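# Geometric and topological summary
Listed below are the residues making up each chain.
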Amino acid sequence: MYVFNQRAPAGATAALTVQLNYDLRCRSRLTATLADGTEIGIALPRAEKLRDGDLLQSADGRVLAIQAAPESLLEARCADPLAFARAAYHLGNRHMPVQLTADHCLRFPVDHVLAEMLAQMGVETTQTTAPFEPESGAYGKHSHGHDHHPYRPGGGPQGFDPLHDPGQGEHRSPRRIHDFTQS
């Protein structure tokens, strides 16, 4: 089994391709089967999500292209821009992964409760099958490391600025440490 455990360098060319649905692309460790039946493993650092077109490399130099697999989705459309914006807001408020398309459509995983909510708002939904590549969020690719935080001066631990970290600094309440050993 080939194990792909790192991102391929810029300019690499893939010799292998695997189709993965969105849920699988959100895992950092998984096994999959290529179209020819070859089993592969993916073992990346935790919290790394794969996107359509990403290239991974194995220890022996093989390069694998990630392709978003078609999956069952709902598409939401509406001629009224305000209703459309409300639909996007309510889907985001429920932390629903959403893909925005060039033809003014919101795509998201099939959820009949959300489809009913959108219908009550005047937004029509239809079921479709398509590759799903939702928005990555306000901060782009997210990882739990601290080396590339976009709003931290210096971008990493050396340039750490406690006043700009949302969980630190004078603008936050002091941490309370409870000592249960004293009565």
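Structure: above.
Residues numbered from 1 in each chain as written. Predicted model: local features only at pLDDT ≥ 70, side-chain atom pairs only at ≥ 80, totals over all residues. Heavy atoms only, no water.

### Topic: unusual backbone geometry
At Ala 47, a position not held by glycine, the phi torsion is positive, near 75 degrees. Tracing the sequence through the fold places Ala 47 in the loop between strand 4 (39-43) and strand 5 (55-58). The class for Ala 47 is partly exposed, based on a relative accessible area of 29%. Backbone geometry places His 95, a non-glycine residue, at a positive phi of 55 degrees. Here His 95 is to be found in the loop between helix 2 (81-93) and strand 8 (99-101). In this structure His 95 comes out as exposed when scored by relative accessible area, which is 73%. (Helix = DSSP H or I, 4+ residues; strand = E, 2+ residues; numbered from the N terminus. Buried < 20%, exposed > 50% of the residue type's maximum accessible area, 1.4 Å probe, protein only.)

### Let's talk about the packing of aromatic side chains
As enumerated under the stated definition, the model contains one aromatic pair in all. Between Tyr 22 and Phe 132 the ring centres are 5.3 Å apart and the planes differ by 75 degrees, which places this aromatic pair in the edge-to-face class. One end of the pair, Tyr 22, is in helix 1 (residues 22-25); the other, Phe 132, is in the segment after strand 10 (124-131), and 110 residues separate them in sequence. For the residue pair Tyr 22 and Phe 132, the accessibility class agrees, reading buried in each case. (Phe/Tyr/Trp six-rings, centres within 6.5 Å; stacked < 30°, edge-to-face > 60°.)

### Notes on the pairing of strand 2 (residues 16-20)
By the alternation rule, side chains of strand 2 split into Leu 16, Val 18 and Leu 20, which are all buried, and Thr 17 and Gln 19, of which none is buried. The sheet contact formed by strand 2 and strand 6 (residues 63-68) spans five bridges and is parallel. Its bridge partner lying in strand 6, Leu 20 is registered against Ala 68. (Pairing = 2+ DSSP bridges.)

### Some details on helix 2
With 13 residues, helix 2 ought to run about 18 Å at 1.5 Å a step, and its terminal C-alpha atoms sit 18 Å apart, in line with that. Looking only at helix 2, the buried set comprises Ala 83, Phe 84, Ala 87 and Leu 91. Buried positions in helix 2, seen along its axis, are confined to an arc of 100 degrees and lie on one side of it. For helix 2, exposure combined with an orientation more than 90 degrees from the buried face picks out Pro 81 and Tyr 89. (Expected span 1.5 Å × (residues − 1). Arc of directions from axis to C-beta.)

### Here's the deal with the nonpolar core
In terms of nonpolar packing, the biggest core is built from 15 residues, with Leu 91, Leu 106, Phe 108 and Leu 118 touching the most fellow members. Looking at this core, the elements with two or more residues in it are strand 7 (70-77), helix 2, strand 9 (105-109) and helix 3 (112-120). Filtering out sequence-adjacent residues up to four positions away, Leu 106 remains in contact with Leu 74, Glu 75, Ala 76, Phe 84, Ala 87, Ala 88, Leu 91, Val 98, Gln 99 and Leu 100. Within the second largest apolar cluster, 14 residues are counted, among which are Phe 4, Leu 16, Leu 56 and Ile 66. (Core = buried A, V, L, I, M, F, W, Y, C linked by side-chain atoms within 4.5 Å. Contact = heavy atoms within 4.5 Å.)

### Let's talk about the sheet that holds strand 8
If you walk across this open sheet you meet the four strands as 8-9-7-10, and the pairing is antiparallel. Each end of this open sheet is capped by a strand with a single partner; those strands are strand 8 and strand 10. With direction set aside, neighbouring strand axes in the sheet form an average angle of 35 degrees. In this structure, strand 7 lies alongside strand 10, joined through eight bridges in antiparallel fashion. Directly across from Glu 75, in strand 10, lies its bridge partner Thr 126. Against the sheet, helix 2 touches strand 7 and strand 9, its axis set at about 25 degrees to strand 9. (Axes fitted to C-alpha atoms, helices over the stretch in contact; angles between N-to-C directions.)

Such coordinate-based values are descriptive only and should not be taken to indicate function.
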